[in-house]
Amino acid sequence: MSFQHKNGIRYFTFDNLAGVTHAVFTRQGGISPAPWDSLNVGGSVGDDIAHVRENRIRSFNALERDPASIHDVWLVHGTDVVHANAPRDLTLKPPQADIIMTDNPKVTLFMRYADCVPLLFHDPKKRVIALAHAGWLGTLRGVVKTVIKTMQDRYGTDPRDVRAAIGPAIGPDHYEIGADVAGQVRTTYGQRAESLLESRGDRFHLDLWQANRLQLEDTGVLQVEIAGICTACHLEDWFSHRAEKGKTGRFGALIGL
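Under the defined criterion, the tally for this structure stands at 15 salt bridges. Taking the shortest distance from any N to any O, the salt bridge between R203 and E176 comes out at 3.1 Å. Of this pair, R203 sits in strand β13 (residues 203-206) while E176 is found in strand β11 (residues 176-177), placing the two residues 27 residues apart along the sequence. By relative accessible area, which is 34% here, E176 ends up partly exposed. Between R213 and E217 there is a salt bridge, with the nearest N and O atoms lying 2.6 Å from each other. A residue pair is termed a helical-turn pair when its members lie 3 or 4 positions apart in one helix, as R213 and E217 do in helix α5 (residues 208-218) at 4 residues. Via salt bridges that share partners, R27, D37 and E244 belong to a single interconnected network.

Following this line, the structure appears as structure tokens:
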């Protein structure tokens, strides 16, 4: 795992995704003013859409991907899957989903985050990639399990071949939840839930990184790399919806064959 720099853009890459173009972009290197400074790629947070488009183009150019190859979605904290057989028609509204996958090298998958977990997948044998978004709700609904099952059903993927990465997201030190959500965690994870929860009075802290790792292992994916970077702890690099009380931007993640 390491940070890279190109054309003023700072981004994070994973060792186990070597050989496939990918990045989780920091907030550095764009043109947006505060509170979205500076590489904001979120179009629904109040920033000028011209800034957002320019930031997206800069991100793609840094990785030498054609901006027109983008396929993105409108995130809704669910488990619906979009099969990106071709770049998205940008004159139309994006589909609502939290999982995108493709086996087309001419498509670049792209998503936006600000505390939720970026999940990147690569099956080098079947030449398939996927990108997903998981907050607490998506995690408990089984985003990871849906990704792997869909890759198996559609592309014949063997989970043992999959290389997965868990990107920068809010860490357990900052991710406070209520007793109701903690109860749902216990229902989903059973006895293992206590390893994901830290009790602090009537509130709890949830470890989303490990919650998603457990799901990956349950599906048979053993090649997992975790960034272990808390977005709320490192505002110099990341947008954090919680730490910045909603007045912030969105950072992007990209993967392409």
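Attention now moves to the sheet that holds strand β14 (residues 223-226). If you walk across this open sheet you meet the 6 strands as β5-β6-β9-β8-β10-β14, and the pairing is mixed. The sheet is open, and its two borders are formed by β5 (81-83) and β14, each paired with just one other strand. Going from strand to strand, the sheet's axes swing by 15 degrees on average, the running direction of each strand aside. Of the pairings in the sheet, the one linking strand β8 (residues 117-123) to strand β9 (residues 128-134) comprises 7 bridges and is antiparallel in character. Of the residues in β9, the one forming a bridge with L120 is L131.

Simply put, the disulfide is a covalent bond whose two ends are the sulfur atoms of two cysteines. What the rule picks out here adds up to 0 disulfides. You can see C230 has no disulfide; the closest cysteine sulfur is in C233, sitting 3.6 Å from it. C233 gets classed as partly exposed once you look at its relative accessible area, which sits at 36%.

What follows is about unusual backbone geometry. Here the amide bond leading from A34 into P35 is cis, since omega sits at 5 degrees, within 30 degrees of zero. If you trace the backbone, P35 turns up in the loop between β3 (21-25) and α1 (49-62). A cis amide bond links D37 with the next residue in sequence, S38, at an omega value of -5 degrees. Relative to the helices and strands, S38 is located in the loop between β3 and α1. The phi angle at E64 is positive, at roughly 60 degrees, despite the residue not being glycine. Positionally, E64 belongs in the loop between α1 and β4 (70-71). On the accessibility criterion, E64 (66% relative accessible area) is exposed.

Each value, and the rule that gives it
- Residues numbered from 1 in each chain as written.
- Predicted model: local features only at pLDDT ≥ 70, side-chain atom pairs only at ≥ 80, totals over all residues.
- Heavy atoms only, no water.
- Salt bridge = Lys/Arg side-chain N within 4 Å of Asp/Glu carboxyl O.
- Helix = DSSP H or I, 4+ residues; strand = E, 2+ residues; numbered from the N terminus.
- Buried < 20%, exposed > 50% of the residue type's maximum accessible area, 1.4 Å probe, protein only.
- Pairing = 2+ DSSP bridges.
- Axes fitted to C-alpha atoms, helices over the stretch in contact; angles between N-to-C directions.
- Disulfide = S-S within 2.5 Å.

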